[in-house]
Amino acid sequence: MGAAPVVYGQSDRPPRGDYSRAHSDYTCTQDYAAYTAQDHDTYHRLYERQSALLPGRASQEFIAALPSLGAKERIPRFEEVNERLFKATGWEIVGVPGLIPEVPFFSLLAQRKFPVTDWIRKPEEFEYIVEPDIFHDLFGHVPLLFNPVIADFIQAYGQGGLKAAELGACEMLSRLYWYTIEFGLIREGEKHGGGLRAYGAGILSSAGELEYSVRSPEPHRIPLELARTMRTLYKIDTYQQTYFVIDSMQQLLDLASVDLKPLYEELRQQPTIGAKELLPGETLLA
């Protein structure tokens, strides 16, 4: 008996992925033999394109960690990545058939297990895919799991997510994940050339948004503040209209020590903020 498919947001088609293969915790074994030569070629071409765009746009921590993924010519075997990853930070990646529910997701993160979708997009989806695939998850997320600070933050996020589920606050907490781990920017110091750089996986795995997020004059870029971020709605079908900026990876880990229960109660009394809405007196970063 497989797990039930999951949908976030609105979609005109059912979720992709074979959920009949999933265990009760939504994990599944990577069926490496199922990948075709075309699948490996798609991964290689995506990797080549994105890695060429990283200098001057991606955080130095990400660029330094990317080689830890291993060979770029083919889809990596999860067990090979895990040999290096577990030694580095005690994390491992586990296969999933696609999007999974919040509580199983939080539970895996709390155990230092990161769910990675095991299928890859079709060639005709090279430029854009609705759901995260193996390239998004591996290239976008996994390199920074080799960074001890980010590794600890994501585990703490999973632990906080389990508490949020009990308090009915998952939606507020999900905005923090969206605006950091998926679409976060960092303001790097002069030793790295200065300026804004991307560390969020949704940006790093997208050719268009990588340039847009750090160079375009269109979106708002605001220093990250916990309550502001957790009140802010986000877009799932366009580039982001607002990005929140941190000054260091340690800043994220410091957020993990905050008791969010009273903040949830406070935020319930306040209206949400639109994806491109500014509050009076807010500072925008160039």
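Below is a short write-up of the structure. (Residues numbered from 1 in each chain as written. Predicted model: local features only at pLDDT ≥ 70, side-chain atom pairs only at ≥ 80, totals over all residues. Heavy atoms only, no water.)

So, about helix α6 (residues 148-167). Relative to the 28 Å expected for 20 residues at 1.5 Å per residue, α6 spans 29 Å between its end C-alpha atoms, a close match to the ideal helical length. Among the residues of α6, I150, A151, F153, I154, Q155, Y157, G158, G161 and A164 are the ones counted as buried. Of the surrounding elements, those touching the buried residues of α6 are α3 (78-89), α4 (102-110), α5 (134-145), α7 (170-182), α11 (249-255) and α12 (261-268). The opening residue of α6, the one whose side-chain oxygen lies 2.9 Å from the backbone nitrogen of V149, is N147. After α6 finishes, the residue G168 shows a positive phi value of roughly 65°. (Helix = DSSP H or I, 4+ residues; strand = E, 2+ residues; numbered from the N terminus. Expected span 1.5 Å × (residues − 1). Buried < 20%, exposed > 50% of the residue type's maximum accessible area, 1.4 Å probe, protein only. Contact = heavy atoms within 4.5 Å. Polar contact = N/O pair within 3.5 Å; in protein donor to acceptor, adjacent residues only side chain to side chain.)

So, on to unusual backbone geometry. Positive phi is not limited to glycine here, since Y26 has a value of about 75°. Following the sequence through the fold, Y26 ends up in the segment before α1 (37-53). For Y26, a relative accessible area of 10% puts it in the buried group. With a phi close to 60°, R112 is a non-glycine residue in the positive phi region. If you trace the backbone, R112 turns up in the loop between α4 and β2 (113-117).

Locating L224 in the fold gives a position in the loop between β5 (220-223) and α10 (226-231). Among the residues examined, L224 registers a relative accessible area of 9% and is labelled buried. Sequence separation of L224 and D31 is 193 residues, and the distance between their C-alpha atoms is 40 Å. The contacts of L224, once residues within four sequence positions are left out, are T180, T229, F244, V245, I246, Q251 and L255.

A separate point is the environment of Q111. Tracing the sequence through the fold places Q111 in the loop between α4 and β2. Sequence spacing of Q111 and A52 is 59 residues, and the spatial spacing of their C-alpha atoms is 33 Å. A polar contact is formed between the side chain of Q111 and the backbone oxygen of S107, at a distance of 3.1 Å.

The next thing to look at is the environment of E125. For E125, the location among the structural elements is in the loop between β2 and α5. Note on E125: relative accessible area 16%, which makes it buried. For the pair formed by E125 and T42, sequence separation is 83 residues and the distance between their alpha carbons is 9.9 Å.

If you look at the biggest cluster of nonpolar residues, it comprises 81 residues, and the most contacted ones within it are I93, L138 and V142. The dominant element in this core, judged by the number of residues it contributes, is α7, at eight residues. Beyond its immediate chain neighbours, meaning those up to four positions away, I93 contacts F78, V81, N82, L85, F114, V116, L138 and V142. (Core = buried A, V, L, I, M, F, W, Y, C linked by side-chain atoms within 4.5 Å.)

It is worth spelling out the pairing of β2 at this point. Within β2, four of the five residues are buried, which leaves the element mostly enclosed by the surrounding structure. Where strand β1 (residues 92-96) and β2 come together, five bridges link them in parallel fashion. If you follow G95 over to β2, its bridge partner there is V116. Taken together, β1, α4 and β2 constitute a β-α-β crossover, and its handedness is right-handed. (Pairing = 2+ DSSP bridges. Right-handed = clockwise from strand over helix to strand, strands pointing away.)

Looking now at the side chain of S213. Its location among the elements puts S213 in helix α9 (residues 207-215). Given the relative accessible area of 0%, S213 is considered buried. A polar atom in the side chain of S213 sits 3.3 Å from the backbone oxygen of L210.

Side chains that differ in sign of charge can pair as their charged atoms come close. This model, assessed by the stated rule, comprises 13 salt bridges. Residue R74 is joined to E80 by a salt bridge in which the shortest nitrogen-to-oxygen separation is 3.1 Å. One salt bridge connects R215 with E211, and the closest N-O pair in it is separated by 3.6 Å. Note that R215 and E211 are positioned in helix α9 at a spacing of four residues, about one turn of the helix. Classification of E211 as partly exposed rests on a relative accessible area of 32%. (Salt bridge = Lys/Arg side-chain N within 4 Å of Asp/Glu carboxyl O.)

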